[in-house]
Amino acid sequence: MPSYRVTVDILDVRAGVRPQDVLPAAEGILGRTHQVEDRLLDVAHATSSRPQPQLHLRFLVPATEKGTEDAEAKAVAGVLVDDLDEFARCGRWELRRGPGRRWRLMATGVAISER
């Protein structure tokens, strides 16, 4: 099964949501439909004056045909960013297809909610 990795910038958490609950929420959103292989909360630009929290989730898509697999992964990333808005304000996101050190960029976007 092909492996994909989605990275989402977290700009802020929603009122009443604890920051430590955002990563498990993201895993739960993906886990409703796909197997999550790995998850990580990281801080991009940690040494700068503006560190950026990021979620990294790796998930599997059932093997079919490459174009179909990629389209499904893009749809899954979109659902993740949309549904995660309940827990946090998301910014930039990227979707990459594995394996290993050769993760190829598949899609990018920005999902900033005006709530």
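Visitor: Which residues make up the packing of aromatic side chains, and what values go with them?
Guide: Tallied over the entire structure, the rule returns one aromatic pair. Their ring planes at 25 degrees and their centres at 5.9 Å tell us that Y4 and F59 sit as a pair that is stacked. A residue pair is termed long-range when its members are at least 10 positions apart, and Y4 in strand β1 (residues 3-13) and F59 in strand β3 (residues 52-60) qualify at 55 residues.

Visitor: I'd like a description of helix α1 (residues 22-31), backed by residues and values.
Guide: Those residues of α1 not exposed but buried are V22, L23, A25, A26, I29 and L30. Across the axial projection of α1, the buried residues extend over an arc of 160 degrees, all falling on one side. At its buried positions, α1 is contacted by β1, β2 (36-44), β3, α2 (66-84) and β4 (88-97).

Visitor: Can you lay out the side chain of E69 for me, pointing to particular residues and giving the numbers?
Guide: Within the element layout of this structure, E69 appears in helix α2. The class of E69 is buried, set by a relative accessible area of 5%. Among the polar contacts made by the side chain of E69, one reaches the main-chain amide nitrogen of T64 at a distance of 2.8 Å.

Visitor: Explain the nonpolar core to me, using residue names and the numbers behind them.
Guide: Core analysis: the biggest nonpolar cluster contains 28 residues, and F59, L84 and L95 have the highest contact counts within it. Put simply, the parts of the chain that give this core at least two residues each are β1, α1, β3, α2, β4 and β5 (104-110). Dropping the residues within four chain positions of it, F59 is found in contact with P2, S3, Y4, V6, L30, H34, Q35, V36, E37, A73, V76 and L95.

Visitor: Break down the sheet that holds β1 for me, citing the residues and quoting the values.
Guide: Spatially, five strands are ordered β2-β3-β1-β4-β5 in an open sheet, and the strand pairing comes out antiparallel. This sheet does not close on itself; its edge strands, each paired only once, are β2 and β5. The mean inter-strand angle of the sheet, taken between neighbouring strand axes irrespective of direction, is 20 degrees. Note: β1 against β3, seven bridges, orientation antiparallel. By the bridge assignment for β3, D9 is matched with Q54. Each of β1, β2, β3 and β4 is contacted by α1, which is oriented at about 145 degrees to β2, the strand it contacts most. Sheet strands in contact with α2 are β1, β3, β4 and β5, and its direction is about 165 degrees off that of β4.

So, how was this worked out
For every chain, the first residue of the written sequence is number 1, and numbering continues from 1 onward in sequence order. Residues qualify for local features only when their pLDDT is at least 70, as the model is predicted, and side-chain atom pairs are given and counted only at 80 or more; totals for whole chains, interfaces and linings, by contrast, use all residues. Side-chain figures throughout are based on the complete set of non-hydrogen atoms in the structure, without hydrogens or water. Pairing of aromatic rings covers Phe, Tyr and Trp, the last counted by its six-membered ring, and requires centre-to-centre distances within 6.5 Å; plane angles under 30 degrees mean stacked, over 60 mean edge-to-face, and any other angle means tilted. Only DSSP runs of H or I covering at least 4 residues are called helices, and only runs of E covering at least 2 are called strands; the numbering of each starts at the N terminus. Only protein chains enter the area calculation, which uses a 1.4 Å probe; residues under 20% of their type maximum are buried, those over 50% are exposed, and those in between are partly exposed. Arc, as used here, means the arc of the directions from the helix axis to the C-beta atoms. By definition in these notes, contact holds between two residues if any of their heavy atoms fall within 4.5 Å. Under the rule applied, a polar contact is a pair of N or O atoms within 3.5 Å (in protein, one hydrogen donor and one hydrogen acceptor; residues adjacent in sequence only if both atoms are side-chain atoms). In these notes, a set of buried Ala, Val, Leu, Ile, Met, Phe, Trp, Tyr and Cys residues joined through side-chain atoms within 4.5 Å is what counts as a nonpolar core. Strand pairing is assigned whenever DSSP identifies at least 2 bridges connecting the two strands. All axes are obtained by fitting lines to C-alpha atoms, using only the stretch in contact for helices, and the reported angles, taken between N-to-C directions, cover 0 to 180 degrees.

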